[in-house]
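# Overview (structure and organization)
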Amino acid sequence: SAVISQKPSRDICQRGTSLTIQCQVDSQVTMMFWYRQQPGQSLTLIATANQGSEATYESGFVIDKFPISRPNLTFSTLTVSNMSPEDSSIYLCSVVFGGRETQYFGPGTRLLVL
Amino acid sequence: SQKIEQNSEALNIQEGKTATLTCNYTNYSPAYLQWYRQDPGRGPVFLLLIRENEKEKRKERLKVTFDTTLKQSLFHITASQPADSATYLCALDAYSSASKIIFGSGTRLSIRP
């Protein structure tokens, strides 16, 4: 398993601003993912964070809105850009270790956009 | 596209009874299926993985079955306890990548003393 931390744990932001969420893992991992969980809903995959290259986005999510960085095998950031109230959600990062299928999740970042 | 359905209504069970949660899927034949537990305000925690060639898997009080003909998985918690109260999510590997998973909507389970 892994210890995964996210910063910030929660934030309240104004419409039109941007927030960068950090995900730190205590060991090197093969794959990192970013999910969104809207109130009362299940998890929706935003993108796969690729080390050293651009993230791979799922349908409905674009790089301009959710730019992602992954400078190394233990760290990634997700930026929520030009926020609107519809972006209010919990954002979660998850990791997979090489050759396995199990995902380990961070504690999440709870975002409220006013 | 892949579709995963779980009991949308909350499940309320008397302590000590067996809780059974259902996960149905369509338009896909997954290589594996996973079950996660999620407590309020926290990320999901992995519980069990079952592969397409396995019919049943157990872990302590948990049992998962996988019927690829019915396209259904059942998740059982025996001798349920109030501490088992949580939302339980099933997830399938995504068609496009074995390392990506797609989650169902989850079933909220409440165990009353």
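Here is what the cut-offs are and how they apply
Residues numbered from 1 in each chain as written. Chains lettered and ligands numbered in written order. Predicted model: local features only at pLDDT ≥ 70, side-chain atom pairs only at ≥ 80, totals over all residues. Heavy atoms only, no water. Helix = DSSP H or I, 4+ residues; strand = E, 2+ residues; numbered from the N terminus. Rg over C-alpha atoms; globule rule 2.2 N^0.38 Å. Buried < 20%, exposed > 50% of the residue type's maximum accessible area, 1.4 Å probe, protein only. Contact = heavy atoms within 4.5 Å. Areas by Shrake-Rupley, 256 points an atom, 1.4 Å probe, with all protein chains shown as cover. Lys, Arg positive; Asp, Glu negative; His and termini not counted. Charge placed at Lys NZ, Arg CZ, Asp CG, Glu CD. Pairing = 2+ DSSP bridges. Axes fitted to C-alpha atoms, helices over the stretch in contact; angles between N-to-C directions. Salt bridge = Lys/Arg side-chain N within 4 Å of Asp/Glu carboxyl O.

What follows is about the overall build of chain A. A count of helices and strands for chain A gives 0 helices and 11 strands. The order of helices and strands in chain A, counted from the N terminus, is β-β-β-β-β-β-β-β-β-β-β. Taken over C-alpha atoms, the radius of gyration comes to 13 Å for chain A, in line with the 13 Å a tight globule of 114 residues would show. Summarising its shape, the C-alpha atoms of chain A cover approximately 40 × 25 × 20 Å along the three principal directions. For chain A, buried positions account for 53% of its 114 residues. The long-range share in chain A, meaning contacts at least 24 apart out of those at least 6 apart in sequence, stands at 54%. Carbon and sulfur atoms form 48% of the exposed surface of chain A, whose accessible area is close to 5400 Å². Counting 8 positive and 8 negative side-chain charges, chain A places the averaged centre of each group 7 Å from the other.

Residues and elements named next belong to chain B. Read from one edge to the other, the open sheet built from 5 strands follows the order β1-β3-β8-β7-β6, with strand pairing classed as antiparallel. Looking along the sheet, the strands with just one partner apiece sit at the ends: β1 (3-6) and β6 (56-59). Across the sheet, the mean angle from the axis of one strand to that of its neighbour is 15 degrees, orientation sign disregarded. As paired elements, strand β7 (residues 62-67) and strand β8 (residues 72-77) share 6 bridges and run antiparallel to each other. In the sheet register, Thr 65 faces β8, and the bridge partner there is Leu 74.

All names here are of chain A. The full count for this structure, using the stated rule, is 6 salt bridges over all chains. For Asp 87, the salt bridge is made with Lys 65, and the minimal N-O distance between the two is 2.6 Å. With Asp 87 in the loop between β8 (75-80) and β9 (89-96) and Lys 65 in the loop between β6 (56-57) and β7 (68-72), the pair connects residues that are 22 residues apart, well separated along the chain.

Residue and element names in this part refer to chain A. Pairing is antiparallel in the open sheet, where 4 strands are placed in the order β1-β3-β8-β7. Across the chains shown, the open sheet's two edge strands, defined by having one partner strand only, are β1 (4-7) and β7. Looking at each pair of strands side by side, their axes are set apart by 15 degrees on average, direction ignored. Sheet analysis places β7 next to β8, joined by 3 bridges and oriented antiparallel. Bridge assignment links Ser 69 to a residue of β8, and that residue is Thr 77.

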